[in-house]
Amino acid sequence: MTAFPNSGFLSEASDRLRSMLSAQATEISLEPGDILFEQGDEGDALYAILAGTLEVSFLAMSGRKLSLTLMKPGEVFGEIGLFDNGPRTATVAAAEASRVLRVRRSDVMNQIRQHPDLAVDMIRLAGLRMRWMGSQLNEQVFLPMPIRLARKLLHLSNLQDDPTTRITLSQSELAEFVGATREAVSKTISTWKRDKVVEASRGGLMIHDFEALRELADSDLI
């Protein structure tokens, strides 16, 4: 039996709960390009990466696929599917040959009916997840937009094989990422362009001064 990692959503799980999830899990092998689930699919399982790399993406309003992040071995994701069968908010696909563990909600619920005390652990983990989501929402709402934009650009650059290559996103798409208007993003990028922090064109954006962008991303100015 392959055990679920003690990380992410499961970092505070009891040994008993993690053992139950591991016992109910099945292993899935993915080839490069294989889709684990798509945005809009019904959520019904929790996953953990054993090997390989998975890409998380979503469709922008323009219909273009935007890559959110790359997930590596040890990462746990999809936990909302254990509590709710609502639609997935992103697509997860294999960026390279990968192996993942999957445990379905129906199997977890069957175990909880047989061992109701496990529900206490699940409720506690759900509370911790909600607290984390609240902190993410606070960052989106209260952090100034330039800081959010700086953090997102640095994150996107780290997803590329060469961080110094052009980030091929429009300003409208960047605005979607950081929850701002295109006009606000355009104004910020114009300032950074004047200060030689970035180079921007219709083809996207290139970071020139990573240090200046990191200083802004790490600041808490309001």
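Residues numbered from 1 in each chain as written. Predicted model: local features only at pLDDT ≥ 70, side-chain atom pairs only at ≥ 80, totals over all residues. Heavy atoms only, no water.

With an unreviewed UniProt entry as reference, the protein chain is termed Transcriptional regulator, Crp/Fnr family, source organism Ruegeria faecimaris.

## Notes on the sheet that holds strand β6 (residues 76-77)
Sheet architecture is open: four strands sit in the order β1-β8-β3-β6, paired in antiparallel fashion. In the strand order of this sheet, the two ends are held by β1 (26-30) and β6, each with one partner. One ladder, built from six bridges, connects strand β3 (residues 45-51) with strand β8 (residues 98-104); its direction is antiparallel. Note that in β8 the partner of Tyr47 across the bridge is Arg102. On the sheet, helix α2 (residues 105-114) packs against β3 and β8 and is oriented at approximately 45 degrees with respect to β8. (Pairing = 2+ DSSP bridges. Helix = DSSP H or I, 4+ residues; strand = E, 2+ residues; numbered from the N terminus. Contact = heavy atoms within 4.5 Å. Axes fitted to C-alpha atoms, helices over the stretch in contact; angles between N-to-C directions.)

## Focus on the domain arrangement of the protein chain
Many structure descriptions define interface size as the accessible area lost when the parts assemble. According to the domain assignment, the protein chain consists of domain 1 (9-141) and domain 2 (143-218). The centre of domain 1, based on its C-alpha atoms, is set 29 Å off from the matching centre of domain 2. Across the contact, 14 residues belong to domain 1 and 14 residues belong to domain 2. For the pair domain 1 and domain 2, the number of links is zero residue pairs in polar contact (both at pLDDT 80 or more). (Domains from an automatic or database assignment. Polar contact = N/O pair within 3.5 Å; in protein donor to acceptor, adjacent residues only side chain to side chain.)

## Comments concerning the packing of aromatic side chains
Applying the stated criterion to the full structure yields five aromatic pairs. Measuring from ring centre to ring centre gives 6.1 Å for Phe9 and Phe83, while their planes differ by 85 degrees; the resulting arrangement is edge-to-face. Within this pair, whereas Phe9 is found in the segment before α1 (15-24), its partner Phe83 is found in the loop between β6 and β7 (91-94), the two being separated by 74 residues in sequence. Measuring from ring centre to ring centre gives 5.4 Å for Tyr47 and Phe77, while their planes differ by 15 degrees; the resulting arrangement is stacked. One end of the pair, Tyr47, is in strand β3; the other, Phe77, is in strand β6, and 30 residues separate them in sequence. Accessibility classification places Tyr47 together with Phe77 in one group, the buried group. Grouping aromatic residues by their ring pairs yields a cluster made of Phe37, Tyr47 and Phe77. Directly above the aromatic system of Phe37 lies the positively charged group of Arg88, at a separation of 4.4 Å from the ring centroid. (Phe/Tyr/Trp six-rings, centres within 6.5 Å; stacked < 30°, edge-to-face > 60°. Buried < 20%, exposed > 50% of the residue type's maximum accessible area, 1.4 Å probe, protein only. Lys NZ or Arg CZ within 6 Å of the ring centre and 35° of its normal.)

## Focus on helix α7 (residues 210-217)
By the burial criterion, the buried members of α7 are Phe210, Leu213 and Ala217. Buried positions in α7, seen along its axis, are confined to an arc of 65 degrees and lie on one side of it. (Arc of directions from axis to C-beta.)

## Details of the pairing of strand β5 (residues 65-71)
Sheet analysis places strand β4 (residues 54-59) next to β5, joined by six bridges and oriented antiparallel. Paired with Leu54 across the strands is Met71, a residue of β5. Hairpin connection between β4 and β5: a loop of five residues separates the two successive antiparallel strands, and Gly63 in this loop has a positive phi of roughly 90 degrees.

## Here's the deal with the sheet that holds β7
Ordered by their spatial adjacency, four strands build an open sheet running β2-β7-β4-β5, and the pairing between neighbours is antiparallel. Each edge of the open sheet carries a strand with a single partner, namely β2 (35-37) and β5. Each strand axis lies, on average, 30 degrees off the axis of its neighbour in the sheet, ignoring direction. Bridge count for β4 against β7 is four bridges, and the pairing is antiparallel. Its bridge partner being in β7, Glu55 is matched across the sheet by Ala93. Sheet contacts for helix α5 (residues 171-178): β4 and β5; angle to β5, the most-contacted strand, approximately 50 degrees.

## Structural notes on the nonpolar core
Membership of the largest hydrophobic core comes to 26 residues, with the highest contact counts inside it found for Leu149, Leu153, Leu174, Val185, Ile189, Trp192 and Leu213. Only α4 (145-159), α5, α6 (182-194), β9 (198-201), β10 (204-207) and α7 provide two or more residues apiece to this core. Among the elements that line this core, the one with the most residues is α4, at six residues. Built from parts of two domains, this core gets at least three residues from each of domain 1 (9-141) and domain 2 (143-218). Once residues lying within four places of it in the same chain are set aside, the contact partners of Leu174 are Leu149, Leu153, Leu156, Leu169, Val185 and Ile189. (Core = buried A, V, L, I, M, F, W, Y, C linked by side-chain atoms within 4.5 Å.)

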